[in-house]
Amino acid sequence: MCGKISNTTYSNFLVLFDQHAVDERVRLERNLVDYFDGISWKSVSIDVVSFQISQEDLIFLLNNYDKLTKFGLQWSVADNVISINGIPEAILGKNPRQADLILKAAKHLLVELIDCMKYAKGNIPLYPKSIMELVFSEACRYAVKFGDTLSKDNCVSLIKALATCKSPFQCAHGRPVNLEKVTRWKKCE
Ligand SMILES: [Zn+2]
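Conventions adopted
Residues numbered from 1 in each chain as written. Predicted model: local features only at pLDDT ≥ 70, side-chain atom pairs only at ≥ 80, totals over all residues. Helix = DSSP H or I, 4+ residues; strand = E, 2+ residues; numbered from the N terminus. Buried ≥ 20, exposed ≤ 12 C-beta atoms within 10 Å, placed from the backbone. Axes fitted to C-alpha atoms, helices over the stretch in contact; angles between N-to-C directions. Contact = placed C-beta atoms within 7 Å. Nonpolar A, V, L, I, M, F, W, Y, C, P; charged D, E, K, R; others polar. Pairing = 2+ DSSP bridges.

- Looking at an unreviewed UniProt entry, one finds the chain named MutL C-terminal dimerisation domain-containing protein, with Leptidea sinapis as its source organism.

Spelled out as structure tokens, the structure:
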């Protein structure tokens, strides 16, 4: 690749992209747009799952019903039993995911939100860890792998898609997506 640095100086440089990290970043951002509109996490209905919770947690839930629905959770309570009938679509995922993993994540989300209300003065992060862990792992799992053979067209469309990302220089796990190597400098005649 040859790029013009200033009016008179050019350099030859090579930019290497980690194909897995690129695809992972593209998938992460595309999926997130589907799952989260910037205010609320999209909710999907599930078969009702019920379990017991403490009286103290129940009070936190009842006092913060509106806040919780923004995270895609739909639920009702009777006595000390909570029945969840809606979860964030991000936990369900776009690809088949084990039912016990989904249930575990929904419970983790509930605990995480209750903890935020209890210990962080109600400051709930927009991107809860319990949801984001699954969003990251989905992007990673279905992205092209390190050794996969890609056609030139595949590479071009991956780089074009990367260019539309909000954070194109990091993979879903925060690692750099590209490495730039300056190989030679020359002065233009
Ligand atoms: Zn990965």
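Quick look at the environment of Ile159
Next up, step 1: The residue Ile159 is located in helix α7 (residues 152-163) in this model.
Next up, step 2: Measuring from C-alpha to C-alpha, the distance between Ile159 and Asp23 comes to 8.9 Å, with 136 residues separating the pair along the chain.

Describing the environment of Ala163
Next up, step 1: Relative to the helices and strands, Ala163 resides in helix α7.
Next up, step 2: Note on Ala163: 9 C-beta atoms within 10 Å, which makes it exposed.
Next up, step 3: With 141 residues separating them in the primary sequence, Ala163 and Val22 have C-alpha atoms 10.0 Å apart.

Section: the packing of helix α5 (residues 99-119) against helix α6 (residues 129-142)
Next up, step 1: Interaxial distance between α5 and α6 falls to 8 Å at its minimum, and their mutual angle equals 145°. Counted together, Ala105, His108, Leu109 and Glu112 of α5 and Lys129, Ser130, Ile131 and Leu134 of α6 form the full contact between these two elements.
Next up, step 2: Of the residues belonging to the contact of α5 with α6, the class tally is 4 nonpolar, 2 polar and 2 charged.

Description of the sheet that holds strand β3 (residues 43-52)
Next up, step 1: Read across the open sheet, the 3 strands follow the order β3-β5-β4; overall the sheet is antiparallel. One side of each edge strand has no neighbouring strand; the edge strands of this open sheet are β3 and β4 (74-78). Within the sheet, the average angular offset between the axes of one strand and its neighbour, ignoring direction, is 15°.

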